[in-house]
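Reading the structure
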Amino acid sequence: MDITAYIQSGVLELYVAGALSENENKEVYELMRQHQEICQEVLEIEAAVVKLTAAASPRISSSLIYLIMHKLIDNSSKQNTKAKLVSIVKPKYNWLAYSGWAAALVIAIGLLWTLNQNNEFESKISEFETENSDLEVQIANSKTNLATAKNLLNILRDKDIISLPLSGQGEFANSYAKVYWDKKENYIYLDVQGLPDPPAGKVYQVWSLKLNPLTPTSLGIIGDFNTDNNKIFTLVNTNDSDAFGITLEPEGGSETPTMEQLYTLGVVEATRS
Amino acid sequence: MQLEVLISKFQEKDEKAFEELYHMYGHSMHGVIYNIVRDHDVAEEILQDVFVKAWNNADGYSAEKGRFFTWLINIARNAAIDKTRSKAFKNSKKNLNAAYFVDILEHSDSLDRQTDAIGIKKFVSQLAKQCIDVIELLYFKGFTQKEASETLDMPIGTVKTNIRKCIQQLRIIVLK
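Bear in mind that the values here come from a model prediction, so they are computed numbers and not experimental data.

Looking now at the overall build of chain B. If you tally the helices and strands in chain B, you get 10 helices and 0 strands. Along its sequence from the N terminus, chain B presents helices and strands in the succession α-α-α-α-α-α-α-α-α-α. Put simply, 57% of the contacts in chain B that link residues at least 6 apart link residues at least 24 apart.

Scanning chain A from N- to C-terminus turns up 6 helices and 8 strands. From first element to last, N terminus to C terminus, chain A shows the α and β order α-α-α-α-α-α-β-β-β-β-β-β-β-β. Going through the 273 residues of chain A one by one, you find that 24% of them count as buried.

Turning our attention to the sheet that holds strand β2 (residues 176–182) of chain A. Residues and elements named next belong to chain A. In space, the 8 strands of this open sheet follow the order β5-β4-β7-β8-β1-β2-β3-β6, with antiparallel pairing throughout. Of all strands in the sheet, those bounded by a partner on one side alone are β5 (214–222) and β6 (232–236). The mean inter-strand angle of the sheet, taken between neighbouring strand axes irrespective of direction, is 25°. Here 5 bridges tie β2 to strand β3 (residues 187–191), and the two strands are oriented antiparallel to one another. Across the sheet, residue aspartate 182 finds its bridge partner in β3, namely tyrosine 187.

This part takes up the interface of chain A and chain B. Counting residues at the interface gives 41 residues for chain A, matched by 54 residues for chain B. Here the element with the most residues in the side of chain A that touches chain B is helix α4 (residues 36–55) of chain A; it accounts for 12 residues.

Attention now goes to the pairing of strand β4 (residues 202–211) of chain A. Residue and element names in this part refer to chain A. One ladder, built from 8 bridges, connects β4 with strand β7 (residues 243–250); its direction is antiparallel. Along β7, the bridge assignment pairs serine 208 with phenylalanine 244. In terms of strand pairing, β4 meets β5 through 8 bridges, oriented antiparallel. Paired with leucine 211 across the two strands is leucine 214, which belongs to β5. Where β4 folds back onto β5 in an antiparallel hairpin, the turn is made up of 2 residues.

The next thing to look at is helix α4 (residues 68–85) of chain B. Between its first and last C-alpha, α4 of chain B extends 26 Å over 18 residues, near the 26 Å set by a 1.5 Å rise per residue. All buried positions along α4 of chain B are accounted for by Phe68, Phe69, Thr70, Trp71, Leu72, Ile73, Ala76, Arg77, Ala79, Ala80 and Lys83 of chain B.

What follows deals with the confidence of the model for chain B. Residues and elements named next belong to chain B. Counting all residues, the mean pLDDT for chain B is 84, and 85% of those residues have values of 70 or more. Averaged pLDDT values over the elements of chain B bottom out at 68 in helix α7 (residues 117–126) and peak at 93 in α4. Interface confidence in the predicted complex, given as ipTM, is 0.90; pTM for the same model is 0.55.

In this section: the environment of leucine 248 of chain A. Along the polypeptide, leucine 248 of chain A turns up in strand β7. The sequence separation of leucine 248 of chain A and isoleucine 221 of chain A amounts to 27 residues, and the corresponding C-alpha distance is 9.4 Å.

What follows concerns unusual backbone geometry. Here asparagine 212 of chain A and proline 213 of chain A are connected by a cis peptide whose omega angle stands at 0°. Note on placement: proline 213 of chain A falls in the loop between β4 and β5. Of note in the backbone geometry, lysine 13 of chain B takes a positive phi value of approximately 65° without being a glycine. Inspection of the secondary structure puts lysine 13 of chain B in the loop between α1 (3–11) and α2 (15–37).

Looking now at the packing of α2 of chain B against helix α3 (residues 40–56) of chain B. All names here are of chain B. Direction vectors running N to C along α2 and α3 enclose 135°, while the axes themselves pass 9 Å from each other. When the interaxial angle is binned, α2 and α3 end up oblique. The two elements α2 and α3 cross, and the hand of that crossing is right-handed. Residues Phe18, Tyr22, Gly26, Met29, His30, Ile33, Tyr34 and Val37 of α2 form the contact with α3, whose participating residues are Val42, Ala43, Ile46, Leu47, Val50, Phe51 and Trp55. Of the residues that constitute the contact of α2 with α3, the class distribution is 13 nonpolar, 2 polar and no charged.

Moving on: the nonpolar core. Core analysis: the biggest nonpolar cluster contains 72 residues, and Ile33 and Leu138 of chain B have the highest contact counts within it. Examining the composition of this core, we find that 10 residues originate from one element, α2 of chain B, more than from any other. Aside from chain neighbours lying at most four places away, what touches isoleucine 33 of chain B is Ala43, Ile46, Leu47, Ala76 and Ala80 of chain B. Judged by nonpolar contacts, the second largest core, of 21 residues, contains Val179, Trp181, Val192 and Val203 of chain A.

Calculation criteria
Residues numbered from 1 in each chain as written. Chains lettered and ligands numbered in written order. Predicted model: local features only at pLDDT ≥ 70, side-chain atom pairs only at ≥ 80, totals over all residues. Helix = DSSP H or I, 4+ residues; strand = E, 2+ residues; numbered from the N terminus. Contact = placed C-beta atoms within 7 Å. Buried ≥ 20, exposed ≤ 12 C-beta atoms within 10 Å, placed from the backbone. Pairing = 2+ DSSP bridges. Axes fitted to C-alpha atoms, helices over the stretch in contact; angles between N-to-C directions. Expected span 1.5 Å × (residues − 1). pLDDT = per-residue confidence, 0-100. Parallel < 35°, antiparallel > 145°, perpendicular 65-115°, else oblique. Left-handed = near helix turned anticlockwise from the far one by under 90°. Nonpolar A, V, L, I, M, F, W, Y, C, P; charged D, E, K, R; others polar. Core = buried A, V, L, I, M, F, W, Y, C linked by C-beta atoms within 7 Å.

This is the structure we're talking about:
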């Protein structure tokens, strides 16, 4: 191969210009490696062209290289950021963890709320239970009252019982009482609703009287007058009474009735006895 | 440092090697770009892009395909031509086709700062019309030999002998 002719052909100038085809470029490259003259020729052409083209540059800011370097660093840091972004896939698990914690918190709050509600309900239940037992007591009381009332009614209806009004005497004319006498069973039921409450230190005393001669027999005192609701008292009476009277006596009662304090008196009619 | 070593270091993302290559070819690339866009600021902007692009695509270069300078000048020309095709650029600039690199060389004071300034000015003043054309097309505009041959309406063989003669003259002046 005629190297000088090859150099003189101008192909190396075109090579430096980049005006050759890919295959021609490869060929030149191979020849450059084989022939020092060709290689030297290319270097000189290139050096001359670099100088020529550089001459067409009016001037370059000396800071331009720093701007470029800065961009390179920026780019590589961006790439690093990208690389880091890839690893951000992991935080997805963190999201799971976060939502897990959030759920746990919600559940905890829910539990607390339920506990609170439970306590409220329990206190309400105990309120209701108290109310309920109150009501039960009331019902029991009512039942007792009803039983008492029924018992009284039976007594009143009993044909063997003598009903005897005791009328107010003297200054106690406004007072009254009633005696229902069960002669068979030797009981009297005394209704004293028409009597005023006895003053402190005094009690009512009930007397059975024989009229001829006048003989009083104490049937007992009404100790719990104030606390009894229906004011009906049951007393034992074994006497063959002609009349019944009620006097106000000092606490503990008296041997004989204080006639000044005779509140009510009633006589058993002959026909009834 | 040997150019081959420098280039392979550059390809391994060595910033020092990159900087050195910039100092070797920066002005040259800027000259080519400026010749196309004829705007100093725009040319500097494109120059930055060209070197950033070269850095990012360093792996794309292989010696078998051609000279590193050729690879780089190709990037520079394409970037500059792309810029002239952009709408914004077209609106601000008029037709640049008539302007040749010699205009810059003949009317530029900047050459004074260069050691070869006098030589290049002399070269340009002596340059035959056919040299101006063929250098403009092949080095500044990046035409292929076939394109140059068609544009200049001369056989490829003549393009080759002309460019050989012109670069010979240039070498005598700038390299001695």
